[in-house]
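Notes for the structure review
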Amino acid sequence: QVQLVESGGGLVQAGDSLRLSCAVSGLSVISNYQVGWFRQAPGKEREFVTAIRWNGIITFYADSVKGRFTIFRNNAKNTVYLQMNSLKSEDTAVYYCAAGAYSGNYAWAGAYTSWGQGTQVTVSS
């Protein structure tokens, strides 16, 4: 069973950087999975942010975060990171880490079968 635990959220100012972590258990280095980050702002639907193939190097980003956010992983630590730079007030949301068997359909929440509890990111303007 795949389990995910996010950390690293907090309150920052616009233009600041923040790094989120997602500790993943239940996957091996060769597991054919994809791990993604989604976010949900108050009163809005959950939206895709970025994803990475667990046993490869393929990454995928939402247009709204391209050039500002970077997803990467450390296999030795079984952790996926979300580096967020040049944060904007519209990035304020609860950020969720999710994992699912690899499908290539990175942006669809239904492709992910395991979800973390979320971590709050608040960007003040």
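As a starting point, this report considers the structure included with it. (Residues numbered from 1 in each chain as written. Predicted model: local features only at pLDDT ≥ 70, side-chain atom pairs only at ≥ 80, totals over all residues. Heavy atoms only, no water.)

Turning our eyes to something else, we now look at the overall build of the protein chain. Per the secondary structure count, the protein chain includes zero helices and 11 strands. In sequence order, the secondary structure elements of the protein chain are arranged as β-β-β-β-β-β-β-β-β-β-β. The C-alpha atoms of the protein chain give 13 Å as radius of gyration, which agrees with the globular expectation for 125 residues (14 Å, within 12%). For the protein chain, the proportion of its 125 residues judged to be buried stands at 45%. (Helix = DSSP H or I, 4+ residues; strand = E, 2+ residues; numbered from the N terminus. Rg over C-alpha atoms; globule rule 2.2 N^0.38 Å. Buried < 20%, exposed > 50% of the residue type's maximum accessible area, 1.4 Å probe, protein only.)

Before going further, it helps to examine the environment of glycine 110. In this structure, glycine 110 sits in the loop between strand E9 (93-101) and strand E10 (114-115). Its relative accessible area of 42% is what places glycine 110 among the partly exposed residues. C-alpha of glycine 110 to C-alpha of leucine 87: the two residues are 23 residues apart in sequence and 27 Å apart in space.

Trp37, Val80, Met84 and Tyr95 are the most contacted members of the largest nonpolar core, which has 36 residues in total. Put simply, the parts of the chain that give this core at least two residues each are strand E3 (18-25), strand E4 (33-40), strand E5 (47-53), strand E7 (69-74), strand E8 (79-84), E9 and strand E11 (119-124). Discounting chain neighbours no more than four positions away, the residues touching methionine 84 are Asp16, Ser17, Leu18, Leu20, Arg68, Phe69, Tyr95 and Val121. (Core = buried A, V, L, I, M, F, W, Y, C linked by side-chain atoms within 4.5 Å. Contact = heavy atoms within 4.5 Å.)

Taken together, four strands build an open sheet; the order of strands is E1-E3-E8-E7 and the sheet is antiparallel. For this open sheet the edge positions go to strand E1 (3-7) and E7, each flanked by a neighbour on one side alone. The sheet shows a mean angle of 20° between the axes of neighbouring strands, taken without regard to direction. (Pairing = 2+ DSSP bridges. Axes fitted to C-alpha atoms, helices over the stretch in contact; angles between N-to-C directions.)

Under the counting rule described, the total for this entry stands at four salt bridges. We note a salt bridge from arginine 39 to aspartate 91, for which the minimum N-O separation is 2.9 Å. Linking arginine 39 in strand E4 with aspartate 91 in the loop between E8 and E9, this pair joins segments that are 52 residues apart in sequence. Of the charged contacts, one joins lysine 66 and aspartate 63 as a salt bridge, the two residues approaching to 3.2 Å between their closest N and O atoms. The class of aspartate 63 is exposed, set by a relative accessible area of 65%. Ionic contacts of the salt-bridge type, sharing partners, join the residues Arg39, Glu47, Arg68 and Asp91 into one network. (Salt bridge = Lys/Arg side-chain N within 4 Å of Asp/Glu carboxyl O.)

Turning to the state of the cysteines, a few remarks are in order. A complete count under the given rule lists one disulfide for this structure. Bridging cysteine 22 to cysteine 97, the disulfide has an S-S length of 2.0 Å. Negative torsions about the S-S bond denote left-handed disulfides, and the value of about -80° found for cysteine 22 with cysteine 97 makes this one left-handed. With cysteine 22 in strand E3 and cysteine 97 in strand E9, this pair connects stretches of sequence that are 75 residues apart. Cysteine 97 carries the same exposure label as cysteine 22, and that label is buried. (Disulfide = S-S within 2.5 Å.)

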